[in-house]
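Architecture at a glance
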Amino acid sequence: MIKFEINEMTQAFIKKYKLFEEDTVQQIQLQHRLDLAAAFQIKEGMRVLEVGCGQGDTTAALADAVGNDGFVVAMDVASPEYGAPFTLGEAAERIKKSSLGSRVSFHFEADLEDFTGEAPFDVAVLSHCSWYFKRPEDLLRTFTRLRQLAKRICFAEWDLDFTRMDQRAHFCAASILALYSNFVDNEGNIQNLFHKSRIQELLKEAGFTVEGQLTVDASYLQDAKWEKDYANSIRPEFSKAPEMIQTLVNSYYELMNHSNVNEKSLDSFILCAR
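Rules behind the numbers
- Residues numbered from 1 in each chain as written.
- Predicted model: local features only at pLDDT ≥ 70, side-chain atom pairs only at ≥ 80, totals over all residues.
- Heavy atoms only, no water.
- Core = buried A, V, L, I, M, F, W, Y, C linked by side-chain atoms within 4.5 Å.
- Buried < 20%, exposed > 50% of the residue type's maximum accessible area, 1.4 Å probe, protein only.
- Helix = DSSP H or I, 4+ residues; strand = E, 2+ residues; numbered from the N terminus.
- Contact = heavy atoms within 4.5 Å.
- Phe/Tyr/Trp six-rings, centres within 6.5 Å; stacked < 30°, edge-to-face > 60°.
- Lys NZ or Arg CZ within 6 Å of the ring centre and 35° of its normal.
- Axes fitted to C-alpha atoms, helices over the stretch in contact; angles between N-to-C directions.
- Parallel < 35°, antiparallel > 145°, perpendicular 65-115°, else oblique.
- Left-handed = near helix turned anticlockwise from the far one by under 90°.
- Nonpolar A, V, L, I, M, F, W, Y, C, P; charged D, E, K, R; others polar.
- Pairing = 2+ DSSP bridges.
- Right-handed = clockwise from strand over helix to strand, strands pointing away.
- Salt bridge = Lys/Arg side-chain N within 4 Å of Asp/Glu carboxyl O.

Counting residues in each nonpolar core, the largest one holds 55 residues, and the members touching the most others are Leu49, Leu126, Phe143, Leu146, Ile153, Ile199 and Phe238. It is helix H6 (residues 168–181) that contributes the most residues to this core, 9 residues altogether. Sequence-distant contacts of Ile199, that is, excluding residues within four places in its chain, are made with Leu139, Phe143, Phe155, Phe194, Phe269 and Leu271. If you look at the next biggest cluster of nonpolar residues, it comprises 38 residues, including Leu19, Leu34, Ala37 and Ala61.

Applying the stated criterion to the full structure yields 8 aromatic pairs. One aromatic cluster is present, built from ring pairs that chain together Phe143, Phe155 and Phe269. Sitting over the face of the ring of Phe121, Arg47 holds its NZ or CZ atom 4.3 Å from the ring centroid. It is Arg94 that lies over the ring of Phe86; its NZ or CZ is 4.6 Å from the centre.

Another aspect to go through is the packing of H6 against helix H8 (residues 223–233). The N-to-C vectors of H6 and H8 enclose an angle of 45 degrees; their axes lie 9 Å apart at closest approach. Considering the angle they form, H6 stands oblique to H8. By crossing handedness, the relation of H6 to H8 is classed as left-handed. Contacts between H6 and H8 involve His170, Ala173, Ile176, Leu177 and Tyr180 on the former and, on the latter, Asp223, Ala224, Glu227, Lys228, Tyr230 and Ala231. Across the contact of H6 with H8, the residue classes tally to 7 nonpolar, 1 polar and 3 charged.

In this section: the pairing of strand S2 (residues 71–76). With 5 of 6 residues buried, S2 is to be regarded as a mostly interior element. When strand S1 (residues 47–51) meets S2, the two strands line up parallel, connected through 5 bridges. Bridged to Val48 within S2 is Val72. After leaving S1, the chain enters helix H3 (residues 57–66) and then returns to the sheet as S2, a path that is right-handed. By the bridge criterion, 5 bridges tie S2 to strand S3 (residues 104–108) in an arrangement that is parallel. Within S3, the residue paired with Met75 across the bridge is His107. Chirality of the crossover, the property in question, places the unit of S2, helix H4 (residues 88–96) and S3 among those that are right-handed.

Turning to the pattern of salt bridges, a few remarks are in order. The final tally for this structure, using the stated rule, is 12 salt bridges. Ionic pairing is found between Arg135 and Glu137, a salt bridge with its closest N-O pair at 3.8 Å. With a closest N to O distance of 2.9 Å, Lys228 and Glu263 form a salt bridge. One end of the pair, Lys228, is in helix H8; the other, Glu263, is in the loop between helix H9 (243–256) and strand S7 (268–273), with 35 residues separating them in the sequence.

Next comes the structure, spelled out in structure tokens:
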């Protein structure tokens, strides 16, 4: 288990909004999302459209950043009954009951193509949601629609260009789960992997001009362990895959399980474009 202490910014958020006070797991996730909102340069008074909001981890950070005069529209294609240990609906209700609630509207089972909200938004945000997209053309269609709805787009995802060996297990787990989604229909949070160079290509194809790129530390998050545990749990199911795929996957498993010492999550890369 990675030793972790929340910083002053996260402590101040928890105290101000009375959110996640007894939830250590959520506090760790929140700290990273606050860092992302700062890197996105979200300002007070902004109107933000968030795509793929999930359980609202980033939504809460965005709502804090836009202040009383701003607003966040948070959308997800999933049902409000989806998710664990809290469903999306339960997590959204917790945020709505806080003093952040008046700054946010949640829309589940929402199709961006049918969205009729008042445009343009100051910024559209996609935070750690792109690996849910099965095909590149689906992500391109989303970017193209957001080009019509927002002046600017900010994008964050796990960075496959890991720089430390203690991040290798997370990389291998993500690769295994992406391969798994190509052989077994599932609702896992990894359907495909997109490298940041591919994201840049898709943004440009949708008509955006990439303005900046940076990396944000995410190594302390629990996701590496979660993804590794899930990958190990579905290993027997690869017996149905072609022999060459089994050989490849077994190699990833050997690398992933080689060491259990101080395994850390991949960092997040950020792209901002207009």
